[in-house]
Structure formats: structure tokens, C-alpha cells
Amino acid sequence: MGLAGRPNVGKSTLVNAIVGAHVAIVSERPQTTRRVVRGVATNTEAGTQLVLVDLPGVQRPRDALTERMQRRVEHEIRDSEVLLLVINGQEGVGPGDRFISKALIGAKEGTPVICAVNKIDRLREPAVAAALSAAAELEAVDEVFPISAKTGAGLEPLIARLAELVPEGPFMYPPEQRSDAPSEMLLGELIREQVLRRTRDELPHAVEVDVGEIEERADGLVTITAQIWAETESQKGILIGAKGAKIKEIGTGARRELERELGKQVHLELKVRVRKHWRRDEGLLDRLGIE
Ligand SMILES: Nc1nc2c(ncn2[C@@H]2O[C@H](COP(=O)(O)OP(=O)(O)OP(=O)(O)O)[C@@H](O)[C@H]2O)c(=O)[nH]1
Ligand SMILES: [Mg+2]
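Around ligand 1 lies a shell of 24 residues, among which Gly10, Ser12, Thr33, Gly57 and Lys150 are the nearest. Among the elements that line the shell around ligand 1, the one with the most residues is helix α1 (residues 11-19), at 3 residues. Looking at the shell around ligand 1, its residues break down into 6 nonpolar, 12 polar and 6 charged.

Rendered as C-alpha cells:
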């Protein structure tokens, strides 16, 4: 089941909420998600498993990175058995949502499209009703659900409906598994999430994280080395900060997240490096697993 929607509408937040774990990274900045992650939510009692494909926001490509992201979105939408179109209820239905709705019709051919009108915690009742009816008018949309991925409001009926719609069959993943991401990717993304939380303007888009060694000592301490890439010397300077204050702050936040994820003590070694034009380097993007 693929999640389509404009950047920043809350797709990754919704995946985490349904899965009940931090499998996808979230930030206030648009275009946070670069790598496709499958979040897995299994209800063993009911015998259902939802596989939620968290996708980058639909956008106009600008370079090799965004072109790959967009191509991947289109591919995953074509392959989905159920489509979940996420809309920012606070902003209502706009031209971007209509564009995506049209694209879904093209890919659809009998695929159910469920629309989640998100962020209703920010809205009063009449505004929710208006957003719902605008969403219901979108050509591709079969059903609409008002939700808040943040507070969990409205999630239960949405999840129940999605579970009805997924074709029956054997589980694709073991019931305890929460995501398909290899641990290096997940750890790198958790570091990038901390960078995104602490940077602004162009910087979030210019940053990439490359995880190197992950070593566990006999006493259980895990040493992780990672490089944070920026595209220019001045971006590198911002990431390091005055007397290294910024990188220290990022490192502390990231270590906390990594420790929570691994359930172990972590020693994190971060280096900031300039890698000019990495967003245009097809070979590097391959190696980074951005397909
Ligand atoms: N108030 C409120 N904020 C939300 C809700 N869902 C998500 N957000 C916030 O919206 C912002 C974007 O959330 P993401 O989940 O990263 O959005 P996304 O659609 O995955 O964005 P991209 O990966 O960039 O396409 C974050 O600051 C979230 O905390 C919600 O239900 N209510
Ligand atoms: Mg996202």
C-alpha cells in the first residue's frame, strides 16, 4: 500500500503511527523522505498485515536525486494494491493535490484510493468538514477519513478499512518485523533526522549521511562512525558551528536516538565533509541506496 501526497503533509508520521514504531523519519521541512521505507503493521489476532510504503512527496524533479525520488514514487504507485492519498487538512485541497489525484487515476485501474485528511488536530469542526468534502470531490478518491497522525485521532477506523482492502494472503514479513530497511540505512536516517531538526533554508536538502563502520564490543558498547556531507564549505561551517557547538548538539541528539533504537550504549563518531554535487552524482546515489 503506497502513500502518496505532497511533501510535508504527514505521510511518514502516519506510517510511524500505524506501525507503532519510529521507522520513517519526520521533520518540519518538506522533502524529508528520500529513501522508500516499508513499514509493517501486523495484527496477529485478526490475521492481517499492512505493508505501508512511505514515499517521498510528489515533486517536480530538479536534479538526479529528486529525479530518482520521483521515478520511484511513480513506480511504487503503479505497484500498490491500495493507495493512500494523504492531504494536509490545514491547507485544504490545492493544485498539488489535484495533480497527484490525476496521476493516481492514471495508475489506478481498479485500485482503491483512500484519502486521509491529516492534521485535523489543528482544525475546528467546520474546517474539517470543508476539507473532507473537498477531498471527496477529487476524482481519484473513493473514501475519505479525517485523521491526526500526530495525536492518533481517527486512526482506528482508517486502519480497519485498510485491513479490509488488502488482499488476503500469507504475511510478507514476520509479525515482529517493523520495517524492511537495513539497519545501516535506518541508523543513517536517524542521524539525518537530527540534522534536519537543527538546520534551516537550503541546508536540509544539501545534507546526506553516510554510515561507515558499526562495531559492537564485547561489553555491548556499539561504535558507529558516520560522515555528514554538505555541498559547500560554508554549509560545512554551519554544520560544525561556533567551536563545534552545532555538530556536538547533532551528535548528542543522534546518539540518543540510536541508543533508543538499538537498546544499547552507543559511541558515535561524526565527521562533516564537503562532497560537491553529490545530489547529481548517479554513482554516489547508487551507493547510498537511493534508487
Ligand atoms: N499538527 C500536526 N502536525 C503533523 C501531523 N502529522 C504530521 N505533522 C507534522 O508535519 C510535518 C511533516 O511531517 P512528515 O511526516 O515528515 O511529512 P511527509 O509527508 O512525510 O513529508 P516528506 O517526507 O517531506 O514528503 C512534521 O513537522 C510533523 O510533525 C498531524 O496530524 N498534526
Ligand atoms: Mg516523509
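Right, let's talk about the environment of Thr48 for a bit. Here Thr48 is to be found in strand β3 (residues 48-54). Residue classification places Thr48 among the partly exposed residues on the basis of 17 C-beta atoms within 10 Å. Expressed as a C-alpha distance, the spacing of Thr48 and Ile240, which sit 192 residues apart in the sequence, is 46 Å. Look past the residues within four positions of Thr48 in its chain and what remains in contact with it is Asn43, Ala163 and Val166.

With that out of the way, let us pick up the domain arrangement of the protein. Along its sequence, the protein is carved into domain 1 (2-165) and domain 2 (183-287). A separation of 28 Å is found between the C-alpha centroids of domain 1 and domain 2. Counting residues at the interface gives 10 residues for domain 1, matched by 13 residues for domain 2. Tallied by class, the residues present in the side of domain 1 that touches domain 2 amount to 3 nonpolar, 3 polar and 4 charged.

Even without glycine at this site, Lys243 takes up a positive phi of about 55 degrees. You can call Lys243 exposed: it has 7 C-beta atoms within 10 Å. Even without being glycine, His277 reaches a positive phi, approximately 55 degrees. Mapped onto the elements of the fold, His277 is located in the loop between β9 (266-274) and α10 (282-287). Since 10 C-beta atoms lie within 10 Å of it, His277 is described here as exposed.

Once that is clear, we can look at the packing of helix α6 (residues 183-197) against helix α9 (residues 245-262). Where α6 contacts α9, the axes come no closer than 9 Å and their chain directions differ by 145 degrees. Our pair here, α6 against α9, has a crossing hand that is right-handed. Note on element contacts: α9 touches α6 through Ile250, Gly253, Ala254, Glu257, Leu258 and Glu261, opposite Leu186, Leu187, Leu190, Ile191, Gln194 and Val195. A per-class count over the contact of α6 with α9 returns 8 nonpolar, 2 polar and 2 charged.

With that out of the way, let us pick up the sheet that holds β3. The mixed open sheet is built from 6 strands, whose spatial order is β2-β3-β1-β4-β5-β6. Looking at which strands have only one partner, the edges of the open sheet turn out to be β2 (37-43) and β6 (143-146). Here the average twist between neighbouring strands, direction ignored, is 25 degrees. Strand direction decides the pairing type here: β2 and β3, joined by 7 bridges, are antiparallel. Its bridge partner lying in β3, Asn43 is registered against Thr48.

Definitions and cut-offs
Residues numbered from 1 in each chain as written. Chains lettered and ligands numbered in written order. Predicted model: local features only at pLDDT ≥ 70, side-chain atom pairs only at ≥ 80, totals over all residues. Near = placed C-beta within 6 Å. Helix = DSSP H or I, 4+ residues; strand = E, 2+ residues; numbered from the N terminus. Nonpolar A, V, L, I, M, F, W, Y, C, P; charged D, E, K, R; others polar. Buried ≥ 20, exposed ≤ 12 C-beta atoms within 10 Å, placed from the backbone. Contact = placed C-beta atoms within 7 Å. Domains from an automatic or database assignment. Axes fitted to C-alpha atoms, helices over the stretch in contact; angles between N-to-C directions. Left-handed = near helix turned anticlockwise from the far one by under 90°. Pairing = 2+ DSSP bridges.

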